[in-house]
Amino acid sequence: MSVLGKDRSGVVAAIATTLADCGANIDDISQTILGEGRMFSMTMMVTLDPAVADFNTVQERLAADGERLSMQVLIQREDVFQAMYEI
């Protein structure tokens, strides 16, 4: 998943809280501040627990976080991601 937008406090906390509430585990995380415009960029590898929340539910909750934070929050299934890079 990825998060992109103007840097502000609380972004990591909000996204991590939503993922935890959905029973997801953050397997890997990378974040940086880009350029003079202070753009925040975060990429995560996340494992979902469908017994707690399915992909669509997690996607909807993260989209709501994105709206509230004025950030772009995208989550993609691993099989779709992997298929994009197969030749």
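Before reading further, recall that the structure is shown in the block above.
Presented here is a report on the structure given in the accompanying data block. Computed from a predicted structure; not experimentally measured.

1. Things to note about the overall build of the chain
Along the backbone of the chain there are three helices and four strands. Along the chain direction, N to C, the helices and strands of the chain fall in the order β-α-β-β-α-β-α. At 13 Å, the chain has a C-alpha radius of gyration in line with the 12 Å of a compact globule built from 87 residues. Sequence-distant contacts, at least 24 apart, represent 61% of the contacts inside the chain between residues at least 6 apart.

2. A look at the packing of helix H1 (residues 11–21) against helix H2 (residues 55–69)
A packed helix pair is summarised by two numbers, namely the angle formed by the two axes and the spacing between the axes. In contact at an axis separation of 10 Å, H1 and H2 are set at 160 degrees when each is read in the N-to-C sense. As far as their axial angle goes, H2 and H1 are roughly antiparallel. Crossing angle aside, the handedness with which H1 passes H2 is right-handed. Packed against H1, whose contacting residues are Val-11, Ala-14, Ile-15, Thr-18, Leu-19 and Asp-21, the element H2 presents Val-58, Arg-61, Leu-62, Asp-65, Arg-68 and Leu-69 at the interface. Residue composition of the contact of H1 with H2, by class: seven nonpolar, one polar and four charged.

3. Looking at the sheet that holds strand S4 (residues 72–74)
Taken in spatial order, the four strands line up as S2-S3-S1-S4 in an open sheet, and their pairing is antiparallel. Edge strands, defined here as strands with exactly one partner in the open sheet, are strand S2 (25–34) and S4. For this sheet the average axis-to-axis angle between neighbouring strands, irrespective of direction, equals 10 degrees. One ladder, built from five bridges, connects strand S1 (residues 2–6) with strand S3 (residues 39–47); its direction is antiparallel. By the bridge assignment for S3, Leu-4 is matched with Ser-41.

4. Digging into the pattern of salt bridges
Applying the stated criterion across every chain, the model contains three salt bridges. Its salt-bridge partner being Asp-7, residue Arg-38 comes within 3.6 Å of it at the nearest N-O pair. On the criterion of sequence distance, the pair formed by Arg-38 in the loop between S2 and S3 and Asp-7 in the loop between S1 and H1 is long-range, its members being 31 residues apart. Since its relative accessible area comes to 47%, Arg-38 is described here as partly exposed. Among the ionic pairs, Asp-65 bridges to Arg-68, the shortest N-O distance being 3.0 Å. A residue pair is termed a helical-turn pair when its members lie 3 or 4 positions apart in one helix, as Asp-65 and Arg-68 do in helix H2 at three residues.

Cut-offs used in this document
Residues numbered from 1 in each chain as written. Predicted model: local features only at pLDDT ≥ 70, side-chain atom pairs only at ≥ 80, totals over all residues. Heavy atoms only, no water. Helix = DSSP H or I, 4+ residues; strand = E, 2+ residues; numbered from the N terminus. Rg over C-alpha atoms; globule rule 2.2 N^0.38 Å. Contact = heavy atoms within 4.5 Å. Axes fitted to C-alpha atoms, helices over the stretch in contact; angles between N-to-C directions. Parallel < 35°, antiparallel > 145°, perpendicular 65-115°, else oblique. Left-handed = near helix turned anticlockwise from the far one by under 90°. Nonpolar A, V, L, I, M, F, W, Y, C, P; charged D, E, K, R; others polar. Pairing = 2+ DSSP bridges. Salt bridge = Lys/Arg side-chain N within 4 Å of Asp/Glu carboxyl O. Buried < 20%, exposed > 50% of the residue type's maximum accessible area, 1.4 Å probe, protein only.

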